[in-house]
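Here is how the chains run, residue by residue.
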Amino acid sequence: MYPDSNSASEVIIGVLDTGVWPESKSYDDTGLGPVPSNWKGICETGTNFTASNCNKKLIGARYFASGYEATIGPIDESKESKSARDDDGHGTHTSSTAAGSVVEGASLFGYADGTARGMATRARVAVYKVCWIGGCFSSDILAGMDKAILDNVNVLSMSLGGGMSDYYRDSVAIGAFAAMEKGILVSCSAGNAGPSPFSLSNVAPWITTVGAGTLDRDFPAFVSLGNGQNYSGVSLFKGAALPGKLLPFVYAGNASNATNGNLCMVSSLIPEKVAGKIVFCDRGVTARVQKGAVVKAAGGLGMVLANTAANGEELVADAHMLPATTVGQKSGEKIKHYLFSDPNPTATILFEGTKVGIEPSPVVAAFSSRGPNSITAEVLKPDMIAPGVNILAAWSGAVGPTGLATDNRRVGYNIISGTSMSCPHVSGLAALLKAAHPDWTPAAIRSALMTTAYVAYKNGQKIQDIATGKPSTPFDHGAGHVDPVSALDPGLVYDLTVDDYLGFLCALNYTESQINMVARKKLTCDASKKYSVTDLNYPSFAVNIDTTQGSGPTVVKHTRILTNVGSPGTYKLSITSENPQVKISVQPAMLSFSQVNEKKSYTVTFTVSSSMPSPNANSFGRIEWSDGKHIVGSPIAVSWT
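Residues numbered from 1 in each chain as written. Predicted model: local features only at pLDDT ≥ 70, side-chain atom pairs only at ≥ 80, totals over all residues. Heavy atoms only, no water.

## Observations regarding the overall build of the chain
Logical step 1: Of the regular secondary structure elements, the chain holds 14 helices and 34 strands.
Logical step 2: Its C-alpha atoms give the chain a radius of gyration of 25 Å, near enough to 26 Å, the size a compact globule of 641 residues would have.
Logical step 3: Expressed along its principal axes, the backbone C-alpha trace of the chain runs to roughly 80 × 65 × 45 Å.
Logical step 4: The burial tally for the chain puts 56% of its 641 residues in the buried class.
Logical step 5: For the chain, restricting intrachain contacts to residue pairs at least 6 apart in sequence, the fraction spanning at least 24 positions comes to 74%.
Logical step 6: When the accessible area of the chain is evaluated, it comes to approximately 24,500 Å², of which 52% is carbon and sulfur surface.
Logical step 7: In the chain, the 50 positive side-chain charges and the 52 negative ones have mean positions that sit 2 Å from each other. (Helix = DSSP H or I, 4+ residues; strand = E, 2+ residues; numbered from the N terminus. Rg over C-alpha atoms; globule rule 2.2 N^0.38 Å. Buried < 20%, exposed > 50% of the residue type's maximum accessible area, 1.4 Å probe, protein only. Contact = heavy atoms within 4.5 Å. Areas by Shrake-Rupley, 256 points an atom, 1.4 Å probe, with all protein chains shown as cover. Lys, Arg positive; Asp, Glu negative; His and termini not counted. Charge placed at Lys NZ, Arg CZ, Asp CG, Glu CD.)

Below is the structure:
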């Protein structure tokens, strides 16, 4: 299925993050051959880190702190390691997700027990620590990216985000441009600012932007009330169980003198009112696990944590420090009603362990950042989604699974959630594609992942968005959920060169100095040439209709070029548009390829009728080319602004 181990083991994934815990079994180099001969990196020594911490799996480790220290002051080595050592856990989790070795019997307290493996188990890992207790500074990120490029990594995995700024002000976009020029695919998180629209970061078209979906696995924990009602939640608590009887149950807002006592903030609970009881807390402001620590410190025996409107029904499991479960907003309202109406409310929490086969799955995570793209509306982002909820991967030995200072537990593997977890899934898959197709550009690899992604379940229903309970859209899932096996043989790809991206910058009407900031070279756009953002050979289509342009239909044309990377074949077109006001036509409607690397172009014409929907309305569709064996799919998003 995937390429033999030898080619895969030549691929190097560079990870920019909080460093690495080199002792983890996920970096075991058993069975790996010598370090690839083109590797130029080093294993940098520092606090608690020596050259012997690297091996044939973890082939490089560096740290970058100049920008951080210039702003914050010297790193306090009693609090964190001034080296590539990961005192946080995040970097170990992401790098082991991308390329961790096969580890049997991995779990968090017995949850998600089984064999842990990264996406590209034979790829090499090089770690660049650019994030510290006080955050990640752009100058350090850029220095790390530049060094990774010189070190000869093949893929850059970056679970960190710029804000939303123009490309010439965005250090991640600037660093990623240089990586793309050297043939390095850059995979980044879309951000965790969903489900509101326009919440994406890392949207440059030369970056692969990854949103998050769920797995078919869950960790149920039920709240059982004194009135006989049960409500399902999730939890990763492992420890002494609650007494086998119903316990007194109290609303945090009634056990606090603080105005926002319901949020269970530090020191806000009155011990006399919570001792020996289960406490109901609302989500918001402070970390979910922190609220449990507050309840525990005040003498509470357990916690029910309820989502508010901001999180709806999305449940993310936590390794709480006391018996606790998180319930959705609807269940929370019902439990609250019971708390307020019963003179002597009681409850207990029942932990069910690990359940698999959860349907529907995947669903788009509510926290996953959404389009439209606020920097360039004509480039549809995110590009795709990958697993990012309740992901088990390696963890730092310096910190407990909650990350709280009071958490003295130590685990080899932890379960956490975020687009930080989905990004390295795609980085690892990109490494596998690079091993199978060494001559493919980063754009070709991304195209293969996008055009083969799926947007429906096996039963034909569309992938759901947990934030709305309705089918998700290309602004939520991009091209869809990655399908690694199909991506190996996509049939056709949309390729892009450095010149294409430079033309894109010209189409944005960037000045010479702005282009110089992104591309780090002098470039004058050809005044006689007509540059168009819609001609960027992207595997997806975003059409932006300006409602201020008066009546009459709007016509927008996009030109695309497909490159054959499979066997000869004739591809036929199918178009779907869910809105009759948006007419989509494609010329030609058939493309025949007789040899490998042959290129054929086509033009899509979008005709949008004059009866304008309200601003911020959206319409979606899809273009598919098929030769009977391959399906090359592209999402379409039309928005009115």
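## Focus on the environment of S267
Logical step 1: Examined against the element boundaries, S267 turns out to sit in the loop between strand 14 (247-251) and helix 6 (271-274).
Logical step 2: For S267, a relative accessible area of 70% corresponds to the exposed category.

## Section: the state of the cysteines
Throughout this description, disulfide means a covalent bond between two cysteine sulfur atoms.
Logical step 1: In the structure shown here, the tally under the stated rule is four disulfides.
Logical step 2: Between the sulfur atoms of C43 and its disulfide partner C54 the distance amounts to 2.0 Å. Where C43 bonds to C54 through sulfur, the torsion about that S-S bond is close to 80°, and the disulfide is right-handed. Separated by 11 residues along the polypeptide, C43 in the loop between strand 1 (12-17) and strand 2 (58-63) and C54 in the loop between strand 1 and strand 2 bring together distant segments of the chain. Like C43, the residue C54 is buried in the burial classification.
Logical step 3: A sulfur-sulfur distance of 2.0 Å marks the disulfide that ties C506 to C525. Taking the torsion about the S-S bond as the criterion, the C506 to C525 disulfide, at about -90°, is left-handed. One end of the pair, C506, is in helix 13 (residues 498-507); the other, C525, is in the loop between helix 14 (512-519) and strand 27 (541-545), with 19 residues separating them in the sequence.
Logical step 4: With no disulfide partner, C188 has as its closest neighbouring cysteine sulfur the one in C423, 6.0 Å distant. (Disulfide = S-S within 2.5 Å.)

## Some points on the sheet that holds strand 28 (residues 554-564)
Logical step 1: In space, the four strands of this open sheet follow the order 26-28-32-30, with antiparallel pairing throughout. Only two strands of the sheet have a single partner each, and these edge strands are strand 26 (492-493) and strand 30 (582-587).
Logical step 2: In the sheet, strand 30 pairs with strand 32 (residues 599-608) via six bridges, with the strands oriented antiparallel. Bridge pairing links V586 to V604 in strand 32. (Pairing = 2+ DSSP bridges.)

## Section: helix 7 (residues 288-297)
One turn of the α-helix equals 3.6 residues, which is why residues spaced by three or four share an orientation.
Logical step 1: Those residues of helix 7 that sit buried are V289, K291, G292, A293, V294 and V295.
Logical step 2: Those residues of helix 7 that are buried are in contact with strand 15 (278-282) and strand 16 (302-306).
Logical step 3: Of the residues one or two after helix 7, G299 is the one with positive phi, at around 95°.

## Quick word on the sheet that holds strand 31 (residues 590-593)
Logical step 1: The mixed open sheet is built from five strands, whose spatial order is 27-34-33-29-31. One side of each edge strand has no neighbouring strand; the edge strands of this open sheet are strand 27 and strand 31. On average, each strand axis in the sheet is tilted by 20° relative to the strand beside it, whichever way the strands run. (Axes fitted to C-alpha atoms, helices over the stretch in contact; angles between N-to-C directions.)

## Quick word on the environment of P424
Logical step 1: Mapped onto the elements of the fold, P424 is located in helix 9 (residues 419-436).
Logical step 2: Taking the C-alpha atoms as reference points, P424 and A148, separated by 276 residues in sequence, lie 16 Å from one another.
Logical step 3: Contact partners of P424, with chain neighbours within four places excluded, come to T94, T97, A98, M119, S157 and S159.

## Some points on the pattern of salt bridges
Logical step 1: One pass over the full model with this rule turns up 17 salt bridges.
Logical step 2: Of the charged contacts in the structure, one is a salt bridge between K82 and E69, with a shortest N-O distance of 3.2 Å. In this pair, K82 sits in the loop between helix 2 (66-72) and helix 3 (90-99) while E69 sits in helix 2, placing the two residues 13 residues apart along the sequence.
Logical step 3: Residue K82 is classed as partly exposed on the basis of its relative accessible area of 23%. (Salt bridge = Lys/Arg side-chain N within 4 Å of Asp/Glu carboxyl O.)

## Brief notes about helix 8 (residues 329-341)
Logical step 1: Taking 1.5 Å per residue as the helical rise, helix 8 with its 13 residues ought to reach 18 Å, and the 18 Å between its terminal C-alpha atoms agrees with that figure.
Logical step 2: Along helix 8, the residues that are buried comprise S331, G332, I335, K336, Y338 and L339. All buried residues of helix 8 project into a common sector of 160° when viewed along the axis, lining one side. Exposed side of helix 8, more than 90 degrees from the buried face: K330, H337 and F340 are the residues found there. (Expected span 1.5 Å × (residues − 1). Arc of directions from axis to C-beta.)

## Things to note about the packing of aromatic side chains
Logical step 1: A full pass over the atoms with the stated rule returns 19 aromatic pairs.
Logical step 2: Relative to F504, the ring of W206 has its centre 6.4 Å away and its plane inclined at 80°; by these criteria the two rings are edge-to-face. Highlighted residues: W206 in the loop between strand 9 (185-189) and strand 10 (208-213) and F504 in helix 13, separated in sequence by 298 residues.
Logical step 3: Owing to a relative accessible area of 4%, W206 belongs among the buried residues under this scheme.
Logical step 4: Here F504 falls in the buried class, since its relative accessible area comes to 2%.
Logical step 5: Consider the rings of F541 and F606, whose centres lie 6.1 Å apart with planes at 55°: the pair is tilted. In this pair, F541 is assigned in strand 27 and F606 in strand 32, connecting sequence segments 65 residues apart. Judged on exposure class, the residue F541 and its partner F606 are both buried.
Logical step 6: By way of ring pairs, the aromatic residues Y167, F177, W206, Y501 and F504 are connected into one cluster. (Phe/Tyr/Trp six-rings, centres within 6.5 Å; stacked < 30°, edge-to-face > 60°.)

## Structural notes on the pairing of strand 32
Within a regular strand, the side chains alternate between the two sheet faces.
Logical step 1: Where strand 28 lies against strand 32, 10 bridges are found, and the strand directions are antiparallel. Within strand 32, the residue paired with I561 across the bridge is S601.

## A look at the packing of helix 4 (residues 138-151) against helix 5 (residues 171-181)
Relative placement of two packed helices is described by the angle separating their axes and the distance separating the axes.
Logical step 1: At a minimum axis separation of 9 Å, helix 4 and helix 5 run at an interaxial angle of 10°. In terms of orientation, helix 4 lies roughly parallel with respect to helix 5. Counting all contacts with helix 4, which are made through S138, I141, L142, M145 and I149, the residues of helix 5 involved are S171, V172, I174, G175, A176, A178 and A179.
Logical step 2: Looking at the contact of helix 4 with helix 5, its residues break down into nine nonpolar, three polar and no charged. (Parallel < 35°, antiparallel > 145°, perpendicular 65-115°, else oblique. Nonpolar A, V, L, I, M, F, W, Y, C, P; charged D, E, K, R; others polar.)

## Some thoughts on the side chain of N373
Logical step 1: Tracing the backbone through its elements, the reader meets N373 in the loop between strand 20 (363-364) and strand 21 (384-387).
Logical step 2: We classify N373 as buried; its relative accessible area is 3%.
Logical step 3: In this structure the side chain of N373 is engaged in a polar contact, spanning 3.0 Å, whose partner is the backbone nitrogen of T376.
Logical step 4: Beyond its immediate chain neighbours, meaning those up to four positions away, N373 contacts Y167, L200, V203, V379 and K381. (Polar contact = N/O pair within 3.5 Å; in protein donor to acceptor, adjacent residues only side chain to side chain.)

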